[in-house]
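In case you want the letters, here they are:
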Amino acid sequence: MSETTDQPVVETPDGAGKPDMIVLEGVEKIYPGSTQPAVSQLDLSIPQGEIVMLIGPSGCGKTTTLKMINRLIEPTSGRILLDGKDVTHVNGDQLRREIGYVIQQGGLFPHFSIADNIGVVPKMLGWDKQRIRQRADELLHLVGLEPSTFRDRYPRQLSGGQQQRVGVARALAADPPVMLMDEPFGAIDPITRDRLQDEFLEIQRTVGKTIAFVTHDLQEAVKLGDKIAVFATGRLEQYDDPDTVLTRPANDFVSDFVGGGAAVRRLSLLELAHLELHPIETDEAGAGGAAGRNGTAVAEVDGSGKPVSWRHLPGGDATGVPLVTVPISGTVYDAVDVMLDSSASLVAVVDEEGRAQGVLHWNDLVGGLRTRERDA
Amino acid sequence: MNFLDYLASNSQQILFLTQAHFLVVLIAVGIGSAISVALGLAVSTGEPDPRRFSLDWFATGIREGGLVFTAALLTVPSLALFALFLPITGLGVTTAIIVLTIYTLYTVLRNTVAGLTTVDRAILESARGLGYGRLRRLLTIQLPLAWPVILNGIRVTTLISISIAVVGAVVQGPGLGILLLNGISRIGAANSFYQVLAGTLLCLVVAAVFEIFFAIVQRLTIPRGIRV
Amino acid sequence: MSTATTETVDAQAEAAVEEGEKREQTRLAALWSQHYDLVILPAIIVLLLVFLFLYVGTRQLDTIEQRVLAPANVGGLLWQQILLAGASTVLVLLIAVPLGIALSRRGARRVQGPVLAVGGFAQALPPFGVLLLMAFWLDFGFTTAVVGLTIAALLPVLRNTVVGLQQVDQSLIEAARGMGMTSRQTLFRVEIPLAVPVIVAGLRVALVLNVGTATLASYIGAGGLGELVQQALRLNRINVLLVAGGIIAALALLIDWLAGVVERIVVARSG
Ligand SMILES: Nc1ncnc2c1ncn2[C@@H]1O[C@H](COP(=O)(O)OP(=O)(O)OP(=O)(O)O)[C@@H](O)[C@H]1O
Ligand SMILES: [Mg+2]
């Protein structure tokens, strides 16, 4: 996916051109003894390799929808296609071995060691011991747990966050193309959750699964999702990329659900690394010759290459403007925060070593932001 | 002659009866537990779907009915059961073992059902989500997780059986009850009190042996991940 | 116009009546679905007794059997059995319940563990042996039997009470203390009312144990239905044996059932 857009709007790449991995056609679920459908006439297509976040108020049918995909719950009517194949009537157990499944409470088997937990599906698929063991170690690595420390432990000897990672590893074990995740980070403190989310995105970058992910946290949906499906009781209200859901809610329900401040919230979606920044030049302290660079900001750097003050600003006087920096791993939200904090109208974006990479102007926020190649 | 002298001079008989008592209990508990655990496994389904007729209905019926029935059996005084079985199975060890076996059923069945059905729903759901079929779920998830509860049921039923087995002497079942009946029938005669005392206290010794046995079995059979 | 109104009113009234009937029906259905198991035991008892009567009715009883099975004889022994079990149960409750409550007080918490452990292990101590030992210590007869029965049932009931009280919601007690109740007030207004179901469960345990052990009281000359079994064995009369076993079983089941019903009512009352 390499598309450069030159409109002033950030675009998440949509699924155009990619085949749909999961397709729900007119799916409906009415629980026995209930008259109201828990999910009614749902049409939803999830393109291959994308993360779709199912979000909505409690009891709106997110879990039900998810579980119908792997037939933990049988739909009352409708069709479900997986990779083009109708799975509404295949053997449920077989089907589930080919779909990764992670639930909120982890659901690790307490009497299995961590390695055995991860090896559950491969074992059922008849892999040999050696291969299962290798795979477990590989996955422990992937989710950031040292295999030699963790493989022989038991679930109760792990923290909640660690158990959650093992849950994800277990779902990935047989390398299923599709993963279903039901509030996998729900029961975890905000800081750990944030880290797990980052790691999750990192993992997804390498594995590229098709993922249906239930959450009730808008922030999480916006951060992780390629698309967001907003549910009201049993109905799909909007299915769009996060940006559209935030900026152009389809109806009152969605805009209520998204709440006020959508535009501000959107800022935290925009990663600085993905923006087209204004160029910046640097000069060693004491060196002269700032003239003739009218279009480019020039910063004076110290011995280690870190910018310390502005020498020249395009179309303005550099004196008295404080030089503030923001790491390139942050979002526009962070940049705004820094600018407001120091009353600066621009901010230097720096890399991990503190070297300047570009400049973001206050005016860019209202004038429009440009993305560059997303995977750069 | 004091109690210890009595024990020493009759050690052969006492040892023999103690062993017999131990064996009768072991056999009865073994048979009873096998029946109860197997039955419990067979009938521990989920709630049956109210709209559809299925085998689950039978299972639920057998489970609930079996629990009520075996619980009722447990309240029947042992003397009555021995009396009722005597005409059918005769005097001796068979009747003793059958009656004892009947008494072991309820506790083990109850604990088996309780253990199997109280396994964390999240664990069962994720097992299902990973593609575990019903039987595999039952045998590799539910049974190991329920095992501590089941084992405790067997332990408790063993303790109860030790004290009931004494009454088996009434139908000439082997065991320490023989000391009790002998003693009371010779009341006033030499050592009759010691005989009864020995019969009563040695039940506790048998119980202690079983407790050690169960402690070892527990250590060996409860999976490491759920050992407390 | 007016007729139309009346019709509507009638229809409404009818609907209301139907509604009421329906509600009554659902109430009964709910009651049934909660307590249907209570019907099973009486059914078993009735079946057992019917079977016994049919069996004995078809048999030609000899004179000895007729004498032993005479209603006066059986009735007397039955009454003795009930007295034995009743008296010892009252004694057990009088001793074990207050003791259990005392053990659940804060000061006595440390002894609880040992009591529970010993109580658990003591299940292996045969009540029969305890009963016989009492006879050596006191004498043959009713009083001795009651003492023996009481002692034999004491530990199990005590253990039951302590376990039950442990399960009484600690947060409620804390809340009561938090509202400024003294520990005395907490005991009488919160803990004991909450513990009533536990006490009733103890009653049931004691009754079942004592009815069972009381059948063995005949071995120390205290009578009771065990006498029937003993006579049958001595005289080698199978018919008597079956009747004796049947009556004892029926009595025990009936008493347990009654205790169970009381337990349900009490639990339902105390919410
Ligand atoms: N097994 C069931 N039987 C009957 N009704 C059910 C069952 N499971 C869920 N429901 C009902 O279906 C509706 C949707 O439930 P679902 O679990 O899908 O909600 P959810 O969106 O996942 O909510 P939450 O955010 O609270 O997890 C709810 O009204 C719920 O009460
Ligand atoms: Mg849910």
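Only a predicted model underlies this, so the values are computations on that prediction, with no experimental measurement involved.

About the thresholds
Residues numbered from 1 in each chain as written. Chains lettered and ligands numbered in written order. Predicted model: local features only at pLDDT ≥ 70, side-chain atom pairs only at ≥ 80, totals over all residues. Heavy atoms only, no water. Helix = DSSP H or I, 4+ residues; strand = E, 2+ residues; numbered from the N terminus. Buried < 20%, exposed > 50% of the residue type's maximum accessible area, 1.4 Å probe, protein only. Areas by Shrake-Rupley, 256 points an atom, 1.4 Å probe, with all protein chains shown as cover. Contact = heavy atoms within 4.5 Å. Salt bridge = Lys/Arg side-chain N within 4 Å of Asp/Glu carboxyl O. Polar contact = N/O pair within 3.5 Å; in protein donor to acceptor, adjacent residues only side chain to side chain. Nonpolar A, V, L, I, M, F, W, Y, C, P; charged D, E, K, R; others polar. Buried area = accessible area lost by both parts, 1.4 Å probe. Expected span 1.5 Å × (residues − 1). Bend = angle between axes of the 7 residues up to and from the residue. Patch = residues over 30% accessible without salt bridge, like charges linked within 9 Å, V, L, I, M, F, W, Y side chains within 5 Å. Pairing = 2+ DSSP bridges. Axes fitted to C-alpha atoms, helices over the stretch in contact; angles between N-to-C directions. Near = heavy atom within 4 Å. UniProt positions renumbered as here; feature names shortened; annotations may be inferred.

## Describing the overall build of chain A
Alright, step 1. Counting its regular elements, chain A contains 14 helices and 16 strands.
Alright, step 2. When the 376 residues of chain A are sorted by exposure, 51% land in the buried category.
Alright, step 3. As displayed, chain A has an accessible area near 17200 Å², and 46% of this comes from carbon and sulfur atoms.

## Examining the interface of chain A and chain B
Alright, step 1. With 24 residues of chain A at the contact, the number on the chain B side is 22 residues.
Alright, step 2. In this assembly, chain A and chain B are joined by one salt bridge.
Alright, step 3. Put simply, E125(B) and K67(A) hold a salt bridge, and the shortest N to O gap is 3.0 Å.
Alright, step 4. Summed over the shared surface of chain A and chain B, the result is 10 residue pairs in polar contact (both at pLDDT 80 or more).
Alright, step 5. Of all the secondary structure elements, the ones that give two or more residues to the side of chain A that touches chain B are α2 (92-97), β6 (99-103) and α4 (120-124) of chain A.
Alright, step 6. Grouping the constituent residues of the side of chain A that touches chain B by class yields 13 nonpolar, four polar and seven charged.

## Some details on the interface of chain B and chain C
The figure often quoted for interface size is the accessible area lost as the parts come together.
Alright, step 1. Every contact between the two is made by 36 residues of chain B and, on the other side, 40 residues of chain C.
Alright, step 2. Roughly 3200 Å² of surface becomes buried between chain B and chain C when both sides are summed, with 87% attributable to carbon and sulfur atoms.
Alright, step 3. Counting across the interface, chain B meets chain C through zero salt bridges.
Alright, step 4. Viewed at the interface, chain C and chain B are joined by one residue pair in polar contact (both at pLDDT 80 or more).
Alright, step 5. At the level of elements, α3 (55-75), α4 (78-89), α7 (134-165), α8 (177-185) and α9 (192-221) of chain B are the ones that each hand at least two residues to the side of chain B that touches chain C.
Alright, step 6. Among the elements that line the side of chain B that touches chain C, the one with the most residues is α9(B), at 10 residues.

## Digging into helix α5 (residues 93-117) of chain B
Residues and elements named next belong to chain B.
Alright, step 1. Helix length check: α5, at 25 residues, gives a terminal C-alpha distance of 36 Å against a target of 36 Å (1.5 Å per residue), a fit within 8%.
Alright, step 2. Of all the bends found along α5, the most pronounced is centred on L105 and spans about 30°.
Alright, step 3. Most of α5 is tucked away, with 19 of its 25 residues classed as buried.

## Here we look at a nonpolar patch on the surface
Residue and element names in this part refer to chain B.
Alright, step 1. Together, L23, L26, I27, I31, I35 and F213 make up a nonpolar patch on the protein surface, roughly 500 Å² of accessible area in all.
Alright, step 2. Here the nonpolar patch takes five residues from helix α2 (residues 11-43), the largest share from any one element.
Alright, step 3. Summarising the element assignment, L23 is placed in helix α2.
Alright, step 4. A relative accessible area of 46% places L23 in the partly exposed class.

## Concerning the sheet that holds strand β12 (residues 297-301) of chain A
All names here are of chain A.
Alright, step 1. Spatial ordering of the open sheet is given by β11-β12-β13, a layout of three strands whose pairing is mixed. This sheet does not close on itself; its edge strands, each paired only once, are β11 (280-284) and β13 (307-312). Averaged over all pairs of adjacent strands, the angle between their axes in this sheet comes to 40°, without regard to strand direction.
Alright, step 2. Inspection of the sheet shows β12 paired to β13 by four bridges, in the antiparallel sense.

## Notes on the site of ligand 1
All names here are of chain A.
Alright, step 1. Surveying the vicinity of ligand 1 reveals the residues Y31, A38, S58, G59, C60, G61, K62, T63, T64 and E183.
Alright, step 2. C60 places a main-chain nitrogen or oxygen 3.2 Å from an oxygen atom of ligand 1.
Alright, step 3. Separating an oxygen atom of ligand 1 from a side-chain N or O atom of K62 is a distance of 2.7 Å.
Alright, step 4. For ligand 1, the accessible surface in isolation is 640 Å², of which the surrounding protein chains cover 56%.
Alright, step 5. A per-class count over the shell around ligand 1 returns three nonpolar, five polar and two charged.

## Concerning the environment of A356(A)
All names here are of chain A.
Alright, step 1. Mapped onto the fold, A356 is located in strand β16 (residues 356-361).
Alright, step 2. We classify A356 as buried; its relative accessible area is 18%.
Alright, step 3. Along the sequence, A356 and I280 sit 76 residues apart, while their C-alpha atoms lie 7.1 Å from each other.
Alright, step 4. Setting aside residues up to four positions removed in sequence, A356 forms contacts with I280, T282, P307, V349 and V350.

## Brief notes about the UniProt feature "domain: ABC transporter" (unreviewed entry) in chain A
Alright, step 1. In this numbering, the UniProt entry assigns the feature "domain: ABC transporter" (unreviewed entry) to residues 22-258 of chain A.
Alright, step 2. Between the end C-alpha atoms of residues 22-258 of chain A the distance is 26 Å, and the span holds 39% helix and 24% strand.

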